[in-house]
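Here is what each chain is made of, one letter per residue.
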Amino acid sequence: MRWLFRTLWLLLVVGLLALAALPYAPALIQTYQDFVRAWEIVRQSPTEEEMPAPPDARPALVLPSIAENNPTPVTDIPEKTPTDPFIAEARVRAATDPEAAMQWLLAEAPPGDRLRGMLEVVAVWAAEDSQSALLWVEENAGGIARGETLHHGISLWSRQDPLAAADWIEGMANDQSKATAVDALLRNWSLTQPEAAADWVNRMTPGPIRREAAATLVNARLLDDPVRAAEWAFSEAVEQNHPELLSQGIAQWVQIDPAAAENYLRQIDAAQTMPDALQSYLQSFARKDPAEAAEWLQNLDPAGDPLYQNELHTTLLREWSQSDSIAASAWLGQATPGPARDAAIIGFASSMIDYEPAAVAEWTRVISDPTTRTNWLTRTLQTWARSDPLTVNEWLLTSEIDPALREQINREIKQP
């Protein structure tokens, strides 16, 4: 009997508690649903290795790692891990009301946390409604936050619907924000639908935004299809008077496959059609491996190779002396006197004149061509005299140069 009484009393208490909680049931259910949504976002968040890299400051001509250009699920959220309470709260607010979440960040978030919070909200918001998210960013964000969030939002949208993102970008004002949006779009689109991306760029109005878009497209396609990237860059360079585009593309290609880049330069007869691209080839090659670049240049036949130019020696030694002046000087010491060595000396001098004017003076005084020798030796001694005029006078008195030239140079370096 006592057991039955206790059971009835417990049921009565539970019933009264249920009746008291009934008015709060909707709020409790909503809280539970918010918690479930937040937990799903946390579970779907990428690991640190999957985090996308922040955009380049312009393109710029940095080799997008393949990793940062490959399409990834829209759930990739940058920067902090899900255990960060601030990020967790930003995600929960974004899932409930993304616009209110943005207002909360602008009004209450610490300045140091505001940008990363906005990136989180944009990621969640863009997964549901990219256009609304970007429209809010365009109308309300400013400064660094505007560029970063706009780039991130467009990048996410381009993985879902690049054509819609492209249409939206076309309606933007022609300013740096539009250039930022174009860069974010093409980094993904040019890898997934390269022909469609190229057609879209081809329809753009000539100007700085198109030039930056072309550079982004070429750099992205070089990773996947360097031949088509170079062909498109050559066409754009000719039709849009944008030779720098091919030069930049060739410089990137050399880092991937120097032999293939050389073959393409031969196909387009670069020494005649695009000499700047040929210079860019050797410049990038010398930065990659100056000794190998020097061997490549020495193997060109001055009499019959269409790529050969004496000026290439200037490019080689200018780059080589910046990274290893001792090795560059040793290479000069073994070079045969003549126009090619003269060009190499000019390259060495242009890099080293402010650092080692004495060594540059010794090299410029043995230039074969009389006019070039006088001009460069005078320039070198004038530069040297600004910091050490006594040593320059002593060098003039003891160096093995023609007396008439000595007097001429002495007069010129003493002129104010």
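Residues numbered from 1 in each chain as written. Predicted model: local features only at pLDDT ≥ 70, side-chain atom pairs only at ≥ 80, totals over all residues. Heavy atoms only, no water.

## Structural notes on the packing of helix α10 (residues 194-202) against helix α11 (residues 208-224)
Phase 1 of the analysis: Contact geometry for α10 and α11: axes closest at 10 Å, N-to-C directions at 165 degrees. Judged on the interaxial angle alone, α11 and α10 are roughly antiparallel. As for the relative orientation of α10 and α11, their crossing is left-handed in sense. Two secondary-structure elements touch here, α10 through Pro194, Glu195, Ala197, Ala198, Val201 and Asn202 and α11 through Arg210, Ala213, Ala214, Leu217 and Arg221.
Phase 2 of the analysis: Counted by class, the contact of α10 with α11 contains seven nonpolar, one polar and three charged residues. (Axes fitted to C-alpha atoms, helices over the stretch in contact; angles between N-to-C directions. Helix = DSSP H or I, 4+ residues; strand = E, 2+ residues; numbered from the N terminus. Parallel < 35°, antiparallel > 145°, perpendicular 65-115°, else oblique. Left-handed = near helix turned anticlockwise from the far one by under 90°. Contact = heavy atoms within 4.5 Å. Nonpolar A, V, L, I, M, F, W, Y, C, P; charged D, E, K, R; others polar.)

## Remarks on the packing of α11 against helix α13 (residues 243-256)
Phase 1 of the analysis: Their axes nearest at 10 Å, the elements α11 and α13 cross at an angle of 20 degrees. By the angle between their directions, the pair α11 and α13 is classed as roughly parallel. Considering only the axes of α11 and α13, their crossing is right-handed. Note on element contacts: α13 touches α11 through Glu244, Leu245, Gln248, Gly249, Gln252, Trp253 and Ile256, opposite Arg211, Ala214, Ala215, Val218, Asn219 and Leu222.
Phase 2 of the analysis: Its residues assigned to classes, the contact of α11 with α13 shows seven nonpolar, four polar and two charged.

## A closer look at unusual backbone geometry
Most peptide bonds adopt trans geometry, and most residues besides glycine take a negative phi value.
Phase 1 of the analysis: For Asn241, which is not glycine, the phi torsion reads 55 degrees and is therefore positive.
Phase 2 of the analysis: Mapped onto the elements of the fold, Asn241 is located in the loop between α12 (226-239) and α13.
Phase 3 of the analysis: You can call Asn241 exposed: its relative accessible area is 60%.
Phase 4 of the analysis: With a phi angle near 50 degrees, Asp269 is a residue other than glycine that sits in the positive phi range.
Phase 5 of the analysis: When you line up the elements, Asp269 lands in the loop between α14 (258-267) and α15 (270-273).
Phase 6 of the analysis: Its relative accessible area of 32% is what places Asp269 among the partly exposed residues. (Buried < 20%, exposed > 50% of the residue type's maximum accessible area, 1.4 Å probe, protein only.)

## Notes on the confidence of the model for the protein
Phase 1 of the analysis: With 80% of its residues at a pLDDT of 70 or more, the protein shows a mean pLDDT of 80.
Phase 2 of the analysis: Ignoring residues within four places in sequence, the model shows residues 45-81, a span with pLDDT below 50, making 68 contacts including any to other chains. (pLDDT = per-residue confidence, 0-100.)

## Quick word on the pattern of salt bridges
Phase 1 of the analysis: In total, this model carries 13 salt bridges according to the counting rule given.
Phase 2 of the analysis: Among the salt bridges present, the one from Arg116 reaches Asp113, with a minimum N-O distance of 3.0 Å. Note that Arg116 and Asp113 are positioned in helix α6 (residues 111-140) at a spacing of three residues, about one turn of the helix.
Phase 3 of the analysis: For Arg116, a relative accessible area of 14% puts it in the buried group.
Phase 4 of the analysis: Between Glu236 and Arg210 there is a salt bridge; the shortest N-O distance is 2.8 Å. Placement of Glu236 in helix α12 and of Arg210 in helix α11 is noted, with a sequence separation of 26 residues between them.
Phase 5 of the analysis: Residue Glu236 is classed as buried on the basis of its relative accessible area of 2%.
Phase 6 of the analysis: Taken together, the shared-partner salt bridges in this structure form one network comprising Glu195, Arg221, Arg228 and Glu231. (Salt bridge = Lys/Arg side-chain N within 4 Å of Asp/Glu carboxyl O.)

## Some words on the nonpolar core
Phase 1 of the analysis: Counting 95 residues, the largest nonpolar core has Ile154, Ile169, Trp200, Leu246, Ile250, Leu316 and Trp331 as its most contacted members.
Phase 2 of the analysis: With nine residues, the single largest contributor to this core is α6.
Phase 3 of the analysis: The next biggest cluster of nonpolar side chains, apart from the first, holds twelve residues, and it includes Leu381, Ala385, Trp395 and Leu405. (Core = buried A, V, L, I, M, F, W, Y, C linked by side-chain atoms within 4.5 Å.)

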